[in-house]
Amino acid sequence: MGDADNGWKFAQCFGDKGEVEEVTEADIISAVEFDETGDYLATGDKGGRVVLFERNEGKKSCEYKFYTEFQSHEPEFDYLKSLEIEEKINKIRWCKRQNAAHFLLSTNGKVEEKFFSLCCIFVDKTIKLWKVFEKSIKVVSENNFPPDQQPIKTSFTGKLRLPKLVHQDSMIAAVPRKIYQNAHAYHINSISVNSDAETYLSADDLRVNLWNLNISDQSFNIVDIKPVNMEELTEVITAAEFHPQQCNVFAYSSSRGTIKLNDMRMNALCDAHSKVFEEEEDPQNKSFFSEIISSISDLKFSKDGRYILSRDYLTLKIWDINMESKPIQTIPIHEHLRTKLCDLYENDCIFDKFECTFSGTGSHVLTASYNNYFHIWDVATRQDVILQADKSAFKAKRVGSSKNKVQGNNNRKLNKKEEYANLDSLDFHKKILHASWHPRENTIALAATNNLKHEKMVKSVFGNVASKYDVMNDAMSLGIHRVWKDHLIRTIAPTETTSLLDVAGGTGDISFRFLDYLKNVYKNNTKAKVTVVDINSAMLEVGKQKSEAAGYAKSCQIDFQEGNAEHLINIPSDSFDCYTIAFGIRNCTNIDKVIQEAFRVLKKGGRFTVLEFSQVNNQMLRLLYDQYSFNAIPTLGEIIASDRASYQYLVESIRKFPIQPEFAKLIKDNGFTLIGKGWEDLTFGIAAIHTGWKV
């Protein structure tokens, strides 16, 4: 975006694939950052790529042109932890230049190399320092004497031809200079280069580490909020930033809406903060969502270090570092969404993390919202300019401007502020989460997200967590899933001839309970059998190992098959008495097809039984459980299974699953007969058992 005629105009769009080419998940921009001069712009995406643009002084219509592109990170697999490491770029931070040659660090190089810059990039648990420079390409010349130059006279009568290197072309090269790793056990959310140009900090959910840019194998832990007992965890670190002028001062924010300012000269471990910036919430505005919406997603210092800008879900706040009790300005961003918090909670948008930033002069602040809208707030006049990052919709309109309005009451055209607050037209899939402001002029770069379809990578997710799946079920259900599964078997009450199809049952939890039940009731006088089907071979392997340990492997009572619940191609029709699927159907792409396949493979009179996480009946308990799910379970997944992303997905899949009456209707609509309401709530509705009969 560019500044013109005291307004804003659309200047340039990078990476627009239009309506023809489909945008993939890997193409989504996940980081954007100007360097300190503003002449270069870096972007990172979910595919691990970094693209650099440079200022184009020659063409006004194209302010930035492509400079270079390189693959910063590749997807990796940790064989020791059985963990897939995501390649997504989360942040890009330029290091400070040291001279006019665009040095980031003082680095030795060949004479023919013109050093351009270094940028520091991190992805989840690995931080890389990249050097990007202009490199001369030389070729061997056949003769060192030009045709018009006479060779030097010697006693040698022939022509002396000596090869030499001559410049042919230049290329932009990118090489990793340092790789900083093995210092964070949790998801890295922030990185900040210090004003001393020698150190930087990185922060994850529970720790902040201090690094020297020249030392990649050693860091110092300066904040650690991890409790001895993880059940006592009440908050996580959400962002961290160095003071722009004082190299010993930094700030970090938390999920409880606090900002803590720390001085490293006071203690080696800065858990005892110097100042806490926190605003007490008005009791009248207290709600079940208060803690979620107060979580700070980003914070920035002003250029002079006097002010701190913080963004939570509903507001943007400006703090004076000399006044801790309340912000000097509170800017409403999503106040019009306060009445929609329940819906936002249901579709997970309430957990979106929007960035914020100061302008180069500190006179304005920037943050964004849904429908690709963004706000530019004048700190002095307190005027809010709302614009939309859309080539067709973008116009220079100020909030309240007369040219935004049409005379008359009928069919009046909405102004930009009214369009922004119109809940009926909001598309929550279109959002701007990442933004950067040019340090010396009113130019901003925004990463606008289009409405994309996201496929569930169920097979990959459960492959990552297979070895720790049962342990993590304890965490996700507060340990009660074992009681639920025992109750499920007692509810089915299998006989000595019951044939069971256990779908998505890879680790065998339901199947072994089924066999144990029969063994206890009928001793060894039973012909009952169970077939376990799962889409993931790693889960089945865990089940087979448990089968051997339990002594069932050599019997003919249990069989393991790899298969898809939506297409049970190896299972004949009308072949089983009972079909169970426990904590698996919510991960299926087409739930209707799963139910239809269950109806097909069951005998007449067969029983379809689903055990699944559901909606807690009590609103207060629901909030408490969901708070635990979204805040604690991903972190526990990282601790126990070394996989935060998979357990974040599992939690989100629970939220998206139909509530009890809706799912019961799905079962009925696909041919099954319900008895009564069709389900039984377990533990206040945290889970439910649904039952349908093929009659």
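Residues numbered from 1 in each chain as written. Predicted model: local features only at pLDDT ≥ 70, side-chain atom pairs only at ≥ 80, totals over all residues. Heavy atoms only, no water.

## Here's the deal with the UniProt feature "binding site: S-adenosyl-L-methionine" (unreviewed entry) in the chain
UniProt tags Thr507, Asp534, Asn564 and Ala565 as "binding site: S-adenosyl-L-methionine" (unreviewed entry). As for its placement among the helices and strands, Asp534 is situated in strand 32 (residues 529-534). With sequence-adjacent residues up to four places away left out, Asp534 is seen in contact with Ala504, Gly505, Gly506, Met539, Leu540, Gln561, Glu562 and Gly563. Reaching out from Asp534, the side chain makes a polar contact with the backbone nitrogen of Gly506 at a distance of 3.0 Å. Inspection of the secondary structure assignment puts Ala565 in the loop between strand 33 (558-562) and strand 34 (576-582). Filtering out sequence-adjacent residues up to four positions away, Ala565 remains in contact with Val503, Tyr579, Cys588, Val594 and Glu597. (UniProt positions renumbered as here; feature names shortened; annotations may be inferred. Helix = DSSP H or I, 4+ residues; strand = E, 2+ residues; numbered from the N terminus. Contact = heavy atoms within 4.5 Å. Polar contact = N/O pair within 3.5 Å; in protein donor to acceptor, adjacent residues only side chain to side chain.)

## Considering helix 7 (residues 509-522)
Its 14 residues place the ends of helix 7 20 Å apart at the C-alpha level, agreeing with the 20 Å of an ideal helix rising 1.5 Å per residue. Of the positions making up helix 7, those classed as buried are Asp509, Ile510, Ser511, Phe512, Arg513, Phe514, Leu515 and Leu518. In the stretch just after helix 7, Lys523 is the one whose phi turns positive, near 60°. (Expected span 1.5 Å × (residues − 1). Buried < 20%, exposed > 50% of the residue type's maximum accessible area, 1.4 Å probe, protein only.)

## Observations concerning the environment of Met230
Structurally, the position occupied by Met230 is in the loop between strand 16 (219-224) and strand 17 (237-242). Take Met230: its relative accessible area is 17%, and that puts it in the buried class. Each C-alpha atom, one on Met230 and one on Thr635, is 9.3 Å from the other, the two residues being 405 residues apart in sequence.

## Considerations on the sheet that holds strand 15 (residues 207-212)
The strand order across the open sheet formed by four strands is 13-14-15-16, and the pairing between neighbours is antiparallel. For this open sheet the edge positions go to strand 13 (188-193) and strand 16, each flanked by a neighbour on one side alone. For this sheet, the mean angle separating the axes of adjacent strands, direction not counted, is 20°. Inspection of the sheet shows strand 13 paired to strand 14 (residues 199-204) by five bridges, in the antiparallel sense. Residue pairing across strands places Ser190 opposite Ala203, the latter belonging to strand 14. (Pairing = 2+ DSSP bridges. Axes fitted to C-alpha atoms, helices over the stretch in contact; angles between N-to-C directions.)

## What about the packing of helix 9 (residues 591-601) against helix 13 (residues 660-669)?
In the contact formed by helix 9 and helix 13, the axes pass within 9 Å of each other and the chain directions differ by 50°. As summarised for this structure, helix 9 and helix 13 are arranged oblique, according to the angle between their axes. As for how helix 9 packs across helix 13, the hand of that crossing is right-handed. In this structure, helix 9 uses Ile591, Asp592 and Ile595 to contact helix 13, whose residues at the interface are Phe663, Leu666 and Ile667. (Parallel < 35°, antiparallel > 145°, perpendicular 65-115°, else oblique. Left-handed = near helix turned anticlockwise from the far one by under 90°.)

## Focus: the packing of aromatic side chains
Taken as a whole, this structure holds 21 aromatic pairs when the rule is applied. For the ring pair Phe608 and Phe672, a centre distance of 4.9 Å and an interplane angle of 15° mean the geometry is stacked. Taken together, the residues span a long stretch of sequence, with Phe608 in strand 35 (residues 602-613) and Phe672 in the loop between helix 13 and strand 36 (679-682) at a distance of 64 residues. According to the relative accessible area criterion, Phe672 is buried, its value standing at 3%. Arranged with centres 4.9 Å apart and planes meeting at 55°, the rings of Phe657 and Phe663 form a pair that is tilted. You'll find Phe657 and Phe663 in the same group, each marked buried. One aromatic cluster in this structure is built from Tyr579, Phe599, Phe608 and Phe672. When the ring centre of Phe599 is taken as reference, the NZ or CZ atom of Lys694 above it lies at 5.0 Å. (Phe/Tyr/Trp six-rings, centres within 6.5 Å; stacked < 30°, edge-to-face > 60°. Lys NZ or Arg CZ within 6 Å of the ring centre and 35° of its normal.)

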